[in-house]
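A structural walkthrough
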Amino acid sequence: MPAMDATASARRQTVKMRKLPNGEATRVDDAVPEIVWPPRVVQPARPPALIYLDLNHYINLARTAAGLQVPDGYDGLLRAATAARQQDRAVFPLSGTHYMEMSGILDPAQRTAVAEVMESLSGFRVLLGRVTLAELEIDAMIDALLSPRSAAERIDLLGPTFGWAFGMRGGLTIRDADGRDSSASMREEVGDREFERIMAGATLAFERGMLAGPPDEEIAALRAQGYAPEKTREVTERRAQQERDLSGRLDKEDRWRRGRLRDVVSASELTHEWLDQITRATLARGTTIGQVVREDRERMRAFAEGMPSSRVAISLKARYHRDGRHQWTTNDIHDIDALTVAVPYCDAVFTDKAARNALAASSELRPFGTFLPRKPGELADWLDNLTG
(Lines give C-alpha, C1' and ligand atoms only; values in the text may rest on other atoms or scores of the structure.)
Protein backbone atom coordinates (compact mmCIF):
# COMPACT_ATOMS: atom_id res chain seq x y z
CA MET A 1 0.00 0.00 0.00
CA PRO A 2 1.47 3.37 -0.94
CA ALA A 3 1.79 6.12 1.61
CA MET A 4 -1.12 8.56 1.37
CA ASP A 5 -0.83 12.34 1.23
CA ALA A 6 -3.78 13.39 3.41
CA THR A 7 -4.13 16.92 2.05
CA ALA A 8 -4.28 15.77 -1.54
CA SER A 9 -6.54 12.83 -0.73
CA ALA A 10 -9.19 15.12 0.73
CA ARG A 11 -9.63 16.85 -2.64
CA ARG A 12 -9.83 13.93 -5.05
CA GLN A 13 -12.94 13.32 -7.09
CA THR A 14 -15.34 10.41 -6.75
CA VAL A 15 -14.56 7.24 -8.66
CA LYS A 16 -16.19 3.82 -8.51
CA MET A 17 -15.05 1.78 -5.50
CA ARG A 18 -14.67 -2.01 -5.41
CA LYS A 19 -16.23 -3.86 -2.50
CA LEU A 20 -13.32 -6.22 -1.97
CA PRO A 21 -10.44 -4.79 0.08
CA ASN A 22 -7.15 -5.09 -1.77
CA GLY A 23 -4.92 -2.88 0.32
CA GLU A 24 -5.22 0.11 -2.00
CA ALA A 25 -6.76 3.45 -1.07
CA THR A 26 -10.15 4.06 -2.66
CA ARG A 27 -11.17 7.55 -3.74
CA VAL A 28 -14.40 9.21 -2.63
CA ASP A 29 -15.90 12.68 -3.00
CA ASP A 30 -14.19 16.06 -2.67
CA ALA A 31 -14.88 16.71 1.02
CA VAL A 32 -14.02 13.26 2.38
CA PRO A 33 -10.60 11.57 2.49
CA GLU A 34 -9.78 8.35 0.73
CA ILE A 35 -10.85 5.05 2.19
CA VAL A 36 -8.04 2.67 3.05
CA TRP A 37 -9.12 -0.96 3.21
CA PRO A 38 -7.24 -3.11 5.73
CA PRO A 39 -5.31 -5.66 3.66
CA ARG A 40 -5.18 -8.05 6.60
CA VAL A 41 -8.97 -8.57 6.42
CA VAL A 42 -9.76 -11.42 4.04
CA GLN A 43 -13.13 -10.98 2.37
CA PRO A 44 -14.90 -14.15 1.22
CA ALA A 45 -15.30 -14.67 -2.50
CA ARG A 46 -18.55 -13.56 -4.09
CA PRO A 47 -20.94 -15.25 -4.64
CA PRO A 48 -22.46 -15.85 -2.20
CA ALA A 49 -23.41 -12.25 -1.42
CA LEU A 50 -23.29 -11.11 2.20
CA ILE A 51 -26.63 -9.89 3.53
CA TYR A 52 -26.98 -8.34 6.99
CA LEU A 53 -30.36 -8.38 8.74
CA ASP A 54 -31.20 -6.49 11.93
CA LEU A 55 -32.66 -8.52 14.77
CA ASN A 56 -36.16 -7.09 14.28
CA HIS A 57 -36.23 -8.60 10.78
CA TYR A 58 -35.18 -11.99 12.12
CA ILE A 59 -37.99 -11.73 14.66
CA ASN A 60 -40.51 -11.07 11.90
CA LEU A 61 -39.11 -13.94 9.85
CA ALA A 62 -39.47 -16.26 12.85
CA ARG A 63 -43.05 -15.09 13.36
CA THR A 64 -43.71 -15.71 9.67
CA ALA A 65 -42.31 -19.23 9.94
CA ALA A 66 -44.64 -19.83 12.91
CA GLY A 67 -47.68 -18.59 10.99
CA LEU A 68 -48.08 -15.47 13.13
CA GLN A 69 -49.11 -12.03 11.93
CA VAL A 70 -46.31 -9.77 10.66
CA PRO A 71 -46.07 -6.70 8.41
CA ASP A 72 -46.54 -7.28 4.69
CA GLY A 73 -43.66 -8.75 2.73
CA TYR A 74 -41.98 -11.04 5.24
CA ASP A 75 -43.46 -14.21 3.76
CA GLY A 76 -41.83 -13.34 0.44
CA LEU A 77 -38.57 -12.42 2.15
CA LEU A 78 -38.45 -15.71 4.05
CA ARG A 79 -38.98 -17.61 0.80
CA ALA A 80 -36.38 -15.59 -1.12
CA ALA A 81 -33.80 -15.67 1.67
CA THR A 82 -34.19 -19.41 2.20
CA ALA A 83 -33.83 -20.11 -1.52
CA ALA A 84 -30.80 -17.83 -1.87
CA ARG A 85 -29.13 -19.52 1.10
CA GLN A 86 -29.87 -23.06 -0.06
CA GLN A 87 -28.63 -22.28 -3.56
CA ASP A 88 -25.45 -20.66 -2.18
CA ARG A 89 -26.30 -17.29 -3.74
CA ALA A 90 -26.34 -15.50 -0.37
CA VAL A 91 -25.31 -15.95 3.24
CA PHE A 92 -26.66 -13.92 6.14
CA PRO A 93 -23.82 -13.49 8.66
CA LEU A 94 -24.40 -12.79 12.34
CA SER A 95 -22.70 -10.10 14.41
CA GLY A 96 -21.82 -9.53 18.02
CA THR A 97 -24.82 -7.21 18.20
CA HIS A 98 -27.13 -10.11 17.40
CA TYR A 99 -25.80 -12.13 20.32
CA MET A 100 -26.10 -9.21 22.75
CA GLU A 101 -29.59 -8.24 21.61
CA MET A 102 -30.80 -11.84 21.74
CA SER A 103 -30.02 -11.88 25.46
CA GLY A 104 -32.58 -9.08 25.84
CA ILE A 105 -35.44 -11.31 24.61
CA LEU A 106 -36.96 -12.58 27.86
CA ASP A 107 -39.04 -15.46 26.46
CA PRO A 108 -36.83 -18.54 25.94
CA ALA A 109 -39.27 -19.96 23.38
CA GLN A 110 -39.08 -16.79 21.31
CA ARG A 111 -35.27 -16.79 21.52
CA THR A 112 -35.21 -20.37 20.30
CA ALA A 113 -37.54 -19.64 17.39
CA VAL A 114 -35.51 -16.61 16.29
CA ALA A 115 -32.25 -18.54 16.71
CA GLU A 116 -33.54 -21.31 14.43
CA VAL A 117 -34.11 -18.81 11.60
CA MET A 118 -30.71 -17.24 12.24
CA GLU A 119 -29.05 -20.65 12.09
CA SER A 120 -30.76 -21.61 8.83
CA LEU A 121 -29.75 -18.39 7.08
CA SER A 122 -26.28 -17.86 8.58
CA GLY A 123 -24.98 -21.38 9.09
CA PHE A 124 -23.34 -19.70 12.11
CA ARG A 125 -21.09 -17.60 9.89
CA VAL A 126 -20.12 -14.63 12.04
CA LEU A 127 -18.64 -11.24 11.11
CA LEU A 128 -15.48 -10.01 12.76
CA GLY A 129 -16.24 -7.94 15.81
CA ARG A 130 -16.07 -4.18 15.60
CA VAL A 131 -13.09 -3.96 17.98
CA THR A 132 -10.97 -6.45 16.02
CA LEU A 133 -11.91 -4.82 12.74
CA ALA A 134 -11.09 -1.36 14.08
CA GLU A 135 -7.65 -2.55 15.20
CA LEU A 136 -6.94 -3.87 11.70
CA GLU A 137 -8.21 -0.66 10.11
CA ILE A 138 -6.09 1.47 12.46
CA ASP A 139 -3.01 -0.53 11.45
CA ALA A 140 -3.81 -0.03 7.77
CA MET A 141 -4.41 3.69 8.21
CA ILE A 142 -1.14 4.25 10.08
CA ASP A 143 0.65 2.30 7.35
CA ALA A 144 -0.96 4.56 4.75
CA LEU A 145 0.00 7.77 6.54
CA LEU A 146 3.53 6.62 7.39
CA SER A 147 4.92 3.58 5.60
CA PRO A 148 3.85 -0.07 5.49
CA ARG A 149 5.31 -2.50 8.00
CA SER A 150 6.12 -6.10 7.21
CA ALA A 151 3.11 -8.29 6.48
CA ALA A 152 1.24 -9.59 9.52
CA GLU A 153 -1.35 -12.31 10.06
CA ARG A 154 -4.45 -12.07 7.87
CA ILE A 155 -7.88 -12.69 9.37
CA ASP A 156 -11.05 -13.82 7.63
CA LEU A 157 -13.98 -11.40 7.71
CA LEU A 158 -16.27 -14.36 8.38
CA GLY A 159 -15.60 -16.92 11.08
CA PRO A 160 -17.26 -20.22 11.99
CA THR A 161 -18.16 -19.45 15.60
CA PHE A 162 -19.74 -16.79 17.81
CA GLY A 163 -16.27 -16.07 19.21
CA TRP A 164 -15.31 -14.42 15.90
CA ALA A 165 -17.40 -11.42 16.94
CA PHE A 166 -15.63 -11.13 20.29
CA GLY A 167 -11.96 -11.45 19.42
CA MET A 168 -11.73 -15.21 20.04
CA ARG A 169 -10.24 -17.79 17.68
CA GLY A 170 -10.36 -21.56 17.56
CA GLY A 171 -13.14 -23.94 18.56
CA LEU A 172 -14.09 -26.29 21.34
CA THR A 173 -11.45 -28.34 23.11
CA ILE A 174 -11.78 -31.27 25.50
CA ARG A 175 -10.08 -30.85 28.84
CA ASP A 176 -9.46 -33.26 31.67
CA ALA A 177 -10.15 -32.70 35.36
CA ASP A 178 -6.91 -30.71 35.68
CA GLY A 179 -7.83 -28.39 32.84
CA ARG A 180 -5.35 -29.85 30.35
CA ASP A 181 -6.27 -30.33 26.69
CA SER A 182 -7.11 -34.01 26.27
CA SER A 183 -8.43 -33.84 22.70
CA ALA A 184 -5.57 -35.90 21.28
CA SER A 185 -5.97 -38.71 23.81
CA MET A 186 -9.73 -38.86 23.22
CA ARG A 187 -9.22 -38.97 19.45
CA GLU A 188 -6.83 -41.88 19.91
CA GLU A 189 -9.29 -43.64 22.18
CA VAL A 190 -12.43 -43.38 20.02
CA GLY A 191 -10.94 -43.05 16.54
CA ASP A 192 -10.95 -40.19 14.06
CA ARG A 193 -14.46 -40.64 12.68
CA GLU A 194 -16.17 -40.92 16.07
CA PHE A 195 -14.11 -38.05 17.47
CA GLU A 196 -15.14 -35.77 14.59
CA ARG A 197 -18.79 -36.79 15.03
CA ILE A 198 -18.69 -36.00 18.75
CA MET A 199 -16.96 -32.66 18.24
CA ALA A 200 -19.34 -31.63 15.44
CA GLY A 201 -22.33 -32.37 17.64
CA ALA A 202 -20.83 -30.56 20.62
CA THR A 203 -19.91 -27.54 18.49
CA LEU A 204 -23.40 -27.29 17.01
CA ALA A 205 -25.01 -27.52 20.46
CA PHE A 206 -22.59 -24.90 21.78
CA GLU A 207 -23.29 -22.45 18.94
CA ARG A 208 -27.03 -22.92 19.32
CA GLY A 209 -26.78 -22.35 23.06
CA MET A 210 -24.72 -19.19 22.68
CA LEU A 211 -27.27 -17.73 20.27
CA ALA A 212 -30.51 -18.79 21.94
CA GLY A 213 -29.22 -18.29 25.47
CA PRO A 214 -29.77 -20.53 28.48
CA PRO A 215 -33.22 -21.82 29.51
CA ASP A 216 -34.65 -20.24 32.64
CA GLU A 217 -33.99 -23.31 34.79
CA GLU A 218 -30.23 -23.09 34.14
CA ILE A 219 -29.73 -19.39 34.84
CA ALA A 220 -29.25 -19.68 38.63
CA ALA A 221 -26.47 -22.24 38.23
CA LEU A 222 -24.83 -20.23 35.47
CA ARG A 223 -24.92 -17.06 37.58
CA ALA A 224 -23.11 -18.95 40.32
CA GLN A 225 -20.34 -19.52 37.74
CA GLY A 226 -20.17 -15.85 36.73
CA TYR A 227 -22.87 -15.55 34.05
CA ALA A 228 -23.81 -11.85 34.03
CA PRO A 229 -25.13 -10.54 30.68
CA GLU A 230 -26.10 -7.27 32.35
CA LYS A 231 -22.42 -6.33 32.53
CA THR A 232 -22.34 -5.94 28.76
CA ARG A 233 -25.49 -3.83 28.90
CA GLU A 234 -23.85 -1.60 31.50
CA VAL A 235 -20.94 -0.92 29.14
CA THR A 236 -23.36 -0.12 26.32
CA GLU A 237 -25.27 2.25 28.62
CA ARG A 238 -22.04 4.08 29.47
CA ARG A 239 -21.33 4.53 25.77
CA ALA A 240 -24.84 5.88 25.22
CA GLN A 241 -24.26 8.31 28.09
CA GLN A 242 -21.12 9.56 26.34
CA GLU A 243 -23.28 10.51 23.37
CA ARG A 244 -25.82 12.19 25.66
CA ASP A 245 -22.99 14.16 27.25
CA LEU A 246 -21.78 15.25 23.81
CA SER A 247 -25.33 16.22 22.88
CA GLY A 248 -25.51 18.37 26.01
CA ARG A 249 -22.29 20.16 25.10
CA LEU A 250 -23.61 20.76 21.60
CA ASP A 251 -26.78 22.23 23.09
CA LYS A 252 -24.63 24.81 24.88
CA GLU A 253 -22.65 25.65 21.73
CA ASP A 254 -25.10 25.10 18.91
CA ARG A 255 -22.73 26.64 16.38
CA TRP A 256 -21.04 23.24 16.15
CA ARG A 257 -24.27 21.64 14.98
CA ARG A 258 -24.48 24.26 12.25
CA GLY A 259 -20.79 24.05 11.39
CA ARG A 260 -18.03 21.49 11.79
CA LEU A 261 -20.17 18.89 13.55
CA ARG A 262 -18.51 16.03 11.68
CA ASP A 263 -15.08 17.03 12.99
CA VAL A 264 -16.47 17.21 16.54
CA VAL A 265 -17.99 13.75 16.20
CA SER A 266 -14.77 12.39 14.66
CA ALA A 267 -12.70 13.65 17.59
CA SER A 268 -15.17 12.16 20.07
CA GLU A 269 -15.22 8.83 18.21
CA LEU A 270 -11.44 8.41 18.23
CA THR A 271 -11.02 9.66 21.80
CA HIS A 272 -13.79 7.69 23.48
CA GLU A 273 -13.92 4.55 21.39
CA TRP A 274 -10.43 3.86 20.03
CA LEU A 275 -7.81 5.72 22.05
CA ASP A 276 -6.37 2.54 23.61
CA GLN A 277 -6.15 0.76 20.24
CA ILE A 278 -4.52 3.79 18.59
CA THR A 279 -2.04 4.12 21.44
CA ARG A 280 -1.01 0.45 21.20
CA ALA A 281 -0.66 0.65 17.42
CA THR A 282 1.51 3.77 17.51
CA LEU A 283 3.65 2.51 20.40
CA ALA A 284 4.32 -0.67 18.42
CA ARG A 285 5.82 1.55 15.72
CA GLY A 286 7.78 3.70 18.16
CA THR A 287 5.72 6.78 17.34
CA THR A 288 2.67 8.71 18.60
CA ILE A 289 -0.62 9.73 17.09
CA GLY A 290 0.63 13.32 17.12
CA GLN A 291 3.53 12.35 14.90
CA VAL A 292 1.20 10.40 12.61
CA VAL A 293 -1.22 13.28 11.99
CA ARG A 294 1.37 16.07 12.50
CA GLU A 295 -1.32 18.32 13.98
CA ASP A 296 -2.60 18.81 10.45
CA ARG A 297 -6.38 19.01 10.14
CA GLU A 298 -6.48 17.19 6.81
CA ARG A 299 -4.33 14.34 8.10
CA MET A 300 -6.51 14.12 11.21
CA ARG A 301 -9.58 13.97 9.03
CA ALA A 302 -7.91 11.40 6.78
CA PHE A 303 -7.15 9.22 9.79
CA ALA A 304 -10.69 9.29 11.18
CA GLU A 305 -12.63 9.17 7.92
CA GLY A 306 -10.34 6.88 5.96
CA MET A 307 -11.19 3.81 8.02
CA PRO A 308 -14.33 2.16 6.58
CA SER A 309 -16.04 1.31 9.87
CA SER A 310 -15.09 4.63 11.44
CA ARG A 311 -16.60 6.54 8.51
CA VAL A 312 -19.95 4.80 9.01
CA ALA A 313 -19.92 5.47 12.76
CA ILE A 314 -19.09 9.15 12.24
CA SER A 315 -21.79 9.52 9.60
CA LEU A 316 -24.49 7.96 11.75
CA LYS A 317 -23.52 9.82 14.91
CA ALA A 318 -23.26 13.14 13.07
CA ARG A 319 -26.73 12.61 11.59
CA TYR A 320 -28.20 11.87 15.00
CA HIS A 321 -26.36 14.71 16.74
CA ARG A 322 -27.50 17.18 14.07
CA ASP A 323 -30.97 16.86 15.61
CA GLY A 324 -30.75 18.23 19.15
CA ARG A 325 -34.01 16.42 19.98
CA HIS A 326 -32.53 12.98 19.41
CA GLN A 327 -32.70 10.88 22.57
CA TRP A 328 -29.70 8.55 22.68
CA THR A 329 -30.45 4.98 23.78
CA THR A 330 -28.52 1.73 24.04
CA ASN A 331 -30.33 0.59 20.88
CA ASP A 332 -28.56 3.40 19.00
CA ILE A 333 -25.21 2.04 20.17
CA HIS A 334 -26.13 -1.53 19.19
CA ASP A 335 -27.27 -0.38 15.75
CA ILE A 336 -24.14 1.68 15.14
CA ASP A 337 -21.85 -1.15 16.25
CA ALA A 338 -23.52 -3.54 13.81
CA LEU A 339 -23.75 -1.13 10.89
CA THR A 340 -20.14 0.03 11.11
CA VAL A 341 -19.13 -3.50 10.14
CA ALA A 342 -22.06 -4.45 7.92
CA VAL A 343 -22.30 -1.40 5.67
CA PRO A 344 -18.68 -1.36 4.41
CA TYR A 345 -18.17 -5.12 4.29
CA CYS A 346 -21.53 -6.60 3.27
CA ASP A 347 -23.41 -6.31 -0.01
CA ALA A 348 -26.87 -5.55 1.41
CA VAL A 349 -28.01 -4.31 4.81
CA PHE A 350 -31.64 -4.41 5.98
CA THR A 351 -31.88 -2.21 9.05
CA ASP A 352 -34.61 -0.14 10.72
CA LYS A 353 -36.16 2.94 9.15
CA ALA A 354 -34.27 5.58 11.14
CA ALA A 355 -30.84 4.03 10.59
CA ARG A 356 -31.60 3.32 6.94
CA ASN A 357 -32.61 6.94 6.34
CA ALA A 358 -29.43 8.20 8.03
CA LEU A 359 -27.27 5.89 5.92
CA ALA A 360 -29.01 6.69 2.66
CA ALA A 361 -28.78 10.45 3.30
CA SER A 362 -25.01 10.31 3.90
CA SER A 363 -23.41 10.89 0.51
CA GLU A 364 -19.96 10.01 1.87
CA LEU A 365 -21.19 6.40 2.31
CA ARG A 366 -22.55 5.93 -1.20
CA PRO A 367 -19.25 4.71 -2.68
CA PHE A 368 -19.62 1.56 -0.58
CA GLY A 369 -22.42 0.57 -2.97
CA THR A 370 -24.30 -1.28 -0.24
CA PHE A 371 -27.93 -2.05 -1.06
CA LEU A 372 -30.24 -0.58 1.62
CA PRO A 373 -33.78 -1.89 1.12
CA ARG A 374 -36.71 -0.01 2.63
CA LYS A 375 -39.15 -2.91 2.74
CA PRO A 376 -38.87 -6.70 2.95
CA GLY A 377 -40.30 -6.99 -0.57
CA GLU A 378 -37.43 -4.91 -1.98
CA LEU A 379 -34.87 -7.23 -0.45
CA ALA A 380 -36.81 -10.30 -1.62
CA ASP A 381 -36.71 -9.02 -5.22
CA TRP A 382 -32.99 -8.24 -4.91
CA LEU A 383 -32.29 -11.73 -3.58
CA ASP A 384 -34.31 -13.33 -6.36
CA ASN A 385 -32.11 -11.57 -8.91
CA LEU A 386 -28.83 -12.74 -7.39
CA THR A 387 -26.83 -15.17 -9.49
CA GLY A 388 -24.85 -18.06 -8.12
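Our structure is the block above this text.
My aim in this report is to walk through the structure given alongside it, one point at a time.

1. Details of the side chain of K317
Turning to its location among the elements, K317 is positioned in helix α16 (residues 308-322). At 3.1 Å, the side chain of K317 and the side chain of E243 are in polar contact. One polar contact links K317 to E269, side chain to side chain, over a distance of 2.7 Å. Not counting residues up to four positions away in its chain, the partners in contact with K317 are E243, V265, E269, E273, W328 and I336.

2. Here's the deal with the sheet that holds strand β4 (residues 49-53)
Reading across from one edge, β5-β4-β9 is the order of the 3 strands in this open sheet, with parallel pairing throughout. Of all strands in the sheet, those with a lone pairing partner are β5 (90-91) and β9 (348-350), marking the two edges. The sheet strands contacting helix α19 (residues 376-384) are β4, β5 and β9, and the helix crosses β4 at an angle near 165°.

3. Remarks on the packing of aromatic side chains
Taken as a whole and judged by the stated rule, the model has 7 aromatic pairs. Summarising the aromatic geometry, the rings of Y99 and F162 are spaced 5.9 Å apart at their centres and angled 55° between planes, so their arrangement reads as tilted. Residue Y99 is located in helix α4 (residues 96-102), and its partner F162 is located in the loop between β8 (158-159) and α7 (183-190); the two are separated by 63 residues in the primary sequence. As far as burial versus exposure is concerned, Y99 and F162 are alike and both buried. By way of ring pairs, the aromatic residues W37, Y345 and F368 are connected into one cluster.

4. As for the environment of I105
Tracing the chain through its elements places I105 in the loop between α4 and α5 (108-122). The class for I105 is buried, based on a relative accessible area of 8%. Note: C-alpha distance between I105 and A212 (107 residues apart in sequence) is 9.4 Å.

5. Some details on helix α6 (residues 130-145)
Its 16 residues place the ends of α6 22 Å apart at the C-alpha level, agreeing with the 22 Å of an ideal helix rising 1.5 Å per residue. For α6, the tally of buried residues reaches 14 of 16 residues, placing the bulk of the element in the interior.

6. Considerations on the side chain of E243
Mapped onto the elements, E243 comes out in helix α10 (residues 230-252). For E243, the residues in contact, after removing those within four places along its chain, are K317, H321, W328 and I333.

7. Looking at the packing of helix α12 (residues 261-273) against helix α13 (residues 275-284)
Taken N-terminus to C-terminus, the directions of α12 and α13 make an angle of 75°; their axes are 5 Å apart at the nearest point. What the angle tells us is that α12 and α13 run roughly perpendicular. Along the contact surface, α12 presents L270, T271 and E273, while α13 presents L275, Q277 and I278. Of the residues in the contact of α12 with α13, the class split is 3 nonpolar, 2 polar and 1 charged.

Parameters at a glance
Residues numbered from 1 in each chain as written. Predicted model: local features only at pLDDT ≥ 70, side-chain atom pairs only at ≥ 80, totals over all residues. Heavy atoms only, no water. Helix = DSSP H or I, 4+ residues; strand = E, 2+ residues; numbered from the N terminus. Polar contact = N/O pair within 3.5 Å; in protein donor to acceptor, adjacent residues only side chain to side chain. Contact = heavy atoms within 4.5 Å. Pairing = 2+ DSSP bridges. Axes fitted to C-alpha atoms, helices over the stretch in contact; angles between N-to-C directions. Phe/Tyr/Trp six-rings, centres within 6.5 Å; stacked < 30°, edge-to-face > 60°. Buried < 20%, exposed > 50% of the residue type's maximum accessible area, 1.4 Å probe, protein only. Expected span 1.5 Å × (residues − 1). Parallel < 35°, antiparallel > 145°, perpendicular 65-115°, else oblique. Nonpolar A, V, L, I, M, F, W, Y, C, P; charged D, E, K, R; others polar.

Worth remembering: the numbers are spatial, not functional.
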